[in-house]
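Listed below are the residues making up each chain.
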Amino acid sequence: MTAADYLTRLAVALPLVIAVLAGLWYASKRGWIKPPGGVASPLLRPVATLGIGPGARLIVVEFDGRRLLLAASRGGVTLLDHAVR
């Protein structure tokens, strides 16, 4: 293989690899795909999620027989209410 062949293959393959990585990054930021390794906890189970604005969500989780209403934003997580199920 000559140097010209190597550079031609590199010029074709490198933009393809960069495009795939950029597409995966974009899809993960949009929530279309999840990164591997997310193991669900048997103690804490999400029930429902509602987006209420940019960077803010209401989340209902079930924990120890209770349902908790949480507000999650860029500033942190706040417990709003709880109910026994």
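Quick look at the structure, then. (Residues numbered from 1 in each chain as written. Predicted model: local features only at pLDDT ≥ 70, side-chain atom pairs only at ≥ 80, totals over all residues. Heavy atoms only, no water.)

## With respect to the overall build of the protein chain
Applicable threshold: Starting at the N terminus, helices and strands are each numbered in turn, a helix being any DSSP run of H or I of at least four residues and a strand any DSSP run of E of at least two. Computation of the radius of gyration draws on C-alpha atoms alone. For the globule rule, the value is 2.2 Å times the number of residues to the power 0.38. Relative accessibility decides the category of a residue: with a 1.4 Å probe and only protein chains considered, values under 20% of the type maximum give buried, values over 50% give exposed, and everything between is partly exposed. Any two residues whose heavy atoms approach within 4.5 Å at even a single point are treated as in contact. The positive count covers Lys and Arg only, the negative count covers Asp and Glu only, and His and the chain ends enter neither. The atom standing in for a charge is NZ when the residue is Lys, CZ when it is Arg, CG when it is Asp and CD when it is Glu.
Along the protein chain, the regular secondary structure elements total one helix and four strands. Tracing the protein chain from N to C terminus, the helices and strands come up as α-β-β-β-β. Scaling as 2.2 N^0.38, a compact globule of 85 residues should have a C-alpha radius of gyration of about 12 Å, whereas the protein chain reaches 22 Å, well beyond that. Across its three principal axes, the protein chain shows a C-alpha extent of roughly 70 × 30 × 15 Å. Counting every position in the protein chain, which comprises 85 residues, the buried fraction comes to 9%. When contacts within the protein chain are restricted to residue pairs at least 6 apart in sequence, long-range pairs at least 24 apart make up 0% of them. Seen as two clouds, the 10 positive and the 4 negative side-chain charges of the protein chain have centres 5 Å apart.

## What to know about the sheet that holds strand β4 (residues 76–84)
Selection rule: Whether two strands pair depends on DSSP finding at least two bridges between them. Between N-to-C directions, angles span 0 to 180 degrees; the directions come from axes that are lines fitted to C-alpha atoms, helices contributing only their stretch in contact.
Taken in spatial order, the four strands of this open sheet run β1-β2-β3-β4, and their pairing is antiparallel. Of all the strands in the sheet, just β1 (44–53) and β4 have a single pairing partner and so form its edges. Averaged over all adjacent pairs, the angle separating strand axes in this sheet is 20 degrees, with direction ignored. The pairing of strand β2 (residues 56–63) with strand β3 (residues 66–73) spans seven bridges and is antiparallel. Looking at the pairing, valine 60 lines up with leucine 69 of β3.

## Considerations on the pairing of β1
Taken together, the eight bridges between β1 and β2 define a ladder with antiparallel strand orientation. Opposite alanine 48, over in β2, you have valine 60 as the bridge partner. From the end of β1 to the start of β2, which pair antiparallel, there are two residues, and glycine 55 there has a positive phi angle of about 80 degrees.

## Re the pairing of β3
Where β2 hands over to β3, the hairpin turn is made up of two residues, of which aspartate 64 adopts a positive phi near 55 degrees. Here β3 pairs with β4 via eight bridges, running antiparallel. Paired with leucine 69 across the strands is aspartate 81, a residue of β4.

## Brief notes about helix α1 (residues 3–30)
Since the α-helix turns once every 3.6 residues, residues separated by three or four places project in the same direction. What counts is decided by this rule: One fewer than the residue count of a helix, multiplied by 1.5 Å, yields its expected span.
With 28 residues, α1 ought to run about 40 Å at 1.5 Å a step, and its terminal C-alpha atoms sit 40 Å apart, in line with that. At the exit of α1 stands glycine 31, carrying a positive phi of roughly 85 degrees.

## Details of a nonpolar patch on the surface
The line we're drawing: Exposure above 30% relative accessible area and the lack of any salt bridge qualify a residue for a patch; like charges then connect within 9 Å, and the nonpolar side chains Val, Leu, Ile, Met, Phe, Trp and Tyr within 5 Å. Per-residue and other accessible areas follow the Shrake-Rupley method at a 1.4 Å probe size, with only the shown protein chains counted as cover for residues. We define a salt bridge as a contact between a side-chain nitrogen of Lys or Arg and a carboxyl oxygen of Asp or Glu at a distance within 4 Å.
A contiguous nonpolar patch, built from Val17, Val20, Leu21, Leu24, Trp25, Tyr26, Trp32 and Ile33 and spanning about 870 Å² of accessible area, is present on the exposed surface. Mapped onto the fold, valine 17 is located in helix α1. Here valine 17 falls in the partly exposed class, since its relative accessible area comes to 46%.

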